[in-house]
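# Structural overview for review
Each chain, written out:
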Amino acid sequence: MKNESQKGFNIIEVVIIVAVIGLMVVGGWWIYQNNRTKVSDAAGSGTQNNSSAGQGQKPDVAYLKVKEWGIQLPLSKEVNDAYYVASVSSVGKDGLPNAVFLGLKSLDSFGCTADGANHGKDSAVGAILRITPGETDEVTGNLLMDEYTNGVTVDGYYYAYQSLIKNDSCNAPLAALQASDAAFMSKGKAIAKATD
Amino acid sequence: MRLLRGVPSATMIKAAVLVATLIGTIILPVFSIPKQVDAGGGIDNTRGDDWNTEEVAGSAWLDGAGVSIYSNGSSAAVHSPQKDNYIDNSNGVSTKTGIEWQCVELINRLYISKGWISDRWSGDGSQMFDNAPTKLSKEADGNITYVSPGDVIAMTGGADNAGHVAIVAAVSGSSIKIASQNTTSVFNSAISLNNKTLTTASWSGYHMTGVIHHPGPDLPSPPAGEGGGNAASWAPDRMDVFYNGTDSHMWHNWHDGAGWHAYEQDPPGGENVTLTSQVAAVSWGSGRLDVFARSQSASLLHKWFINGAGWSHWEDLGGCIIGAPTVGSWVSGRLDIFVQGCNDTGINMHHRWYDGSWHSWEVVPNLSARISSPPSVVSWGTNRLDIFARGEGADLIHNWYDGSWHGADSQGGCIIGQPAVSAWSPGRLDVFVEDCNTNGPNVSYKYYASNAWQPWQTIPLNDNVTVTSMLGAISSADNRIDIFARGTDGVMQHKWYDNIWNHWESLSGSIAP
């Protein structure tokens, strides 16, 4: 005689499976949406009217192209006079800089020059770091990609913005520095391979 | 029969589904949690050690002249509860060195304990260059002329923008080894000095600010057996010799991979200060020379050379001395000067030393006999000095310091003038003298090895050379001795031992009697 209780799922089992599947669907949807937002932001940041413009940020008007690395950083209006100077101290084994210092021409007169960072001054507004995946911070021991989370990987290197606005050599108004810092920071993930 | 062959039962399917969901919801996430690496600890992974663990003893770096380096624990952040460290400065005043065990604290503890600074050097790592005490010289990146052990390398940047500071532990060519507190590795050799710029392919996120030099001499490792005569060696293939010429000016020559060079007169640029004694020289490390001589007013003169920075001018260190001084160095940054003092009575061997600053003259303690020639000193290691001079009975007298001064012993013999001494390793001494023989070769020597003095003997392969004074002896490596003397014709004579004694060679020159 067959034992009917061994056929199919009982109600509790069905509920468990449905709940698990439901959780997986919700989780997957959340991850999908999250990634979709990032992709949208990254793609849109290279255009005049990116998706973030409607969220209070001003549209990008230019790119800062780092020719040594073949990458570009979209610039919003707050930092559209940005320029860079390659670090002469931080140099990769390929001879290319591992950092470039960022400055704003409008803040140069305050002593906030990017070049000063190559001459013992903490005068740069910020920097873009070129990090080899797996590279760790010599002080903390943490993965650099975990410490500078606003970056992206391009052609095998991880590029991320580093805030350096604690510069004692730079006497620009703090509000201006913070605004430029926020503008650079917001575009870290929009670094992309340079277009010709 | 419950099962058809090859067809799973409903129960098995249910079990499989449940197991799969369990794996998917519970077990897999567990595996996706970042793995906690067992750090293991040690000087290459201080994050694996508990806070307050001593990673490196002070005796283990800067040639024994360092300070302890501690672990800050698993994080670079300030340890909780925060604890400040204090040490006595050179004035005996309890002085805060910083937060245990941040990078800045190490710099302060070293500099205060050395007497290089007396107050706390404040700031985080990124501010230390700007905040350097005024008595310390500093050079910004891009304009760095030299780096030497004991200097501070400062950086800005870092994940929290607090920067970092480290001590230069050693320099080899352009390569710099640094020692740090609150880093994953205590030592790091990834920084070089090229074109006046600190360069590194490592230290991503940190930006070199510059170098702050510690005051006075630098701290490379001293070669073993630096004697107190006219010669010095900072590497096995490097010798520097000096003499006071018949023109009463210092002359300098050196030997490197290219052989002997031409003599130069009192660098830099022929300063031509008048000297009234032979020259004593020592090197406490690569690229460093210190020379001493007697001035016209019988005081002690000093000048020094730093590779990359060149020669200093003479400085007058005072005192009243007879004949040539002698200088030894047991550790980087340490100079011990001994002279025959001008006093007519009492003990007449005087001493002053430099260990970051100059100390006053003292009469060498525990001596019971006067000396009748300038002394000669050598150091075979940290805290060890052996001093030789001609006693009032023309014998060789010997005194030594190994943490305390000992009474002099007589090594007999009959000697004329200042002896020369070298030590090629701890426990080895070779003493060379102009002996009292007035007919023929007159260089004799004796040596100390295996805790015993060997008898006097005439130097082998003497070539029938007669000398009119011993100038110096050095050991640039194990089983290597170079001795220098003034010949009867006033030229410099050189002879060396490299497991066998070699012939005398003339190095020309015109040496004052």
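Residues numbered from 1 in each chain as written. Chains lettered and ligands numbered in written order. Predicted model: local features only at pLDDT ≥ 70, side-chain atom pairs only at ≥ 80, totals over all residues.

## Description of the overall build of chain B
Of regular secondary structure, chain B possesses three helices and 39 strands. Sorting the 513 residues of chain B into buried and exposed places 47% on the buried side. Sequence separation of 24 or more characterises 51% of the internal contacts of chain B that already satisfy a separation of 6 or more. (Helix = DSSP H or I, 4+ residues; strand = E, 2+ residues; numbered from the N terminus. Buried ≥ 20, exposed ≤ 12 C-beta atoms within 10 Å, placed from the backbone. Contact = placed C-beta atoms within 7 Å.)

## Observations regarding the sheet that holds strand 7 (residues 157–163) of chain A
All names here are of chain A. If you walk across this open sheet you meet the five strands as 3-4-5-7-6, and the pairing is antiparallel. Whereas interior strands pair on both sides, the edge strands pair on one side only; in this sheet they are strand 3 (82–86) and strand 6 (152–154). Geometrically, the sheet is characterised by an average inter-axis angle of 30° between neighbouring strands, direction not taken into account. For strand 4 (residues 99–104) and strand 5 (residues 126–131), the ladder comprises four bridges, and the chain directions are antiparallel. Of the residues in strand 5, the one forming a bridge with L102 is G126. Across the sheet, helix 3 (residues 174–186) touches strand 4, strand 5 and strand 7, and the angle it forms with strand 7 is around 165°. (Pairing = 2+ DSSP bridges. Axes fitted to C-alpha atoms, helices over the stretch in contact; angles between N-to-C directions.)

## Observations regarding the pairing of strand 36 (residues 467–477) of chain B
Along strand 36 of chain B, nine of the eleven residues are buried, which leaves the element largely enclosed by surrounding structure. The hairpin formed by strand 36 of chain B and strand 37 (residues 480–487) of chain B contains two residues between the paired strands, and N479 of chain B there has a positive phi angle of roughly 60°.

## Here we look at the environment of I178 of chain B
By the secondary structure assignment, I178 of chain B is in strand 8 (residues 175–179). Apart from residues lying up to four places away in sequence, I178 of chain B is in contact with I153, A166, I167, V168, A169, N188 and I191 of chain B.

## Comments concerning the environment of V125 of chain A
Note that V125 of chain A resides in the loop between strand 4 and strand 5. Along the sequence, V125 of chain A and F101 of chain A sit 24 residues apart, while their C-alpha atoms lie 7.5 Å from each other.

## Describing the pairing of strand 27 (residues 376–381) of chain B
Side-chain positions along a regular strand alternate between the two faces of the sheet. All names here are of chain B. The buried fraction of strand 27 amounts to five of the six residues, a majority that puts the element mostly inside the structure. Pairing of strand 27 with strand 28 (residues 384–390), which is carried by four bridges, proceeds in the antiparallel orientation. Along strand 28, the bridge assignment pairs S376 with F388. Taken together, strand 27 and the strand that follows it, strand 28, pair antiparallel across an intervening segment of two residues, in which N383 is found at a positive phi of about 65°.

## Brief notes about helix 2 (residues 103–113) of chain B
Residue and element names in this part refer to chain B. In terms of burial, helix 2 is a largely internal element, eleven of the eleven residues being buried. Considered for burial, the residues of helix 2 that qualify are C103, V104, E105, L106, I107, N108, R109, L110, Y111, I112 and S113. At the exit of helix 2 stands G115, carrying a positive phi of roughly 80°.

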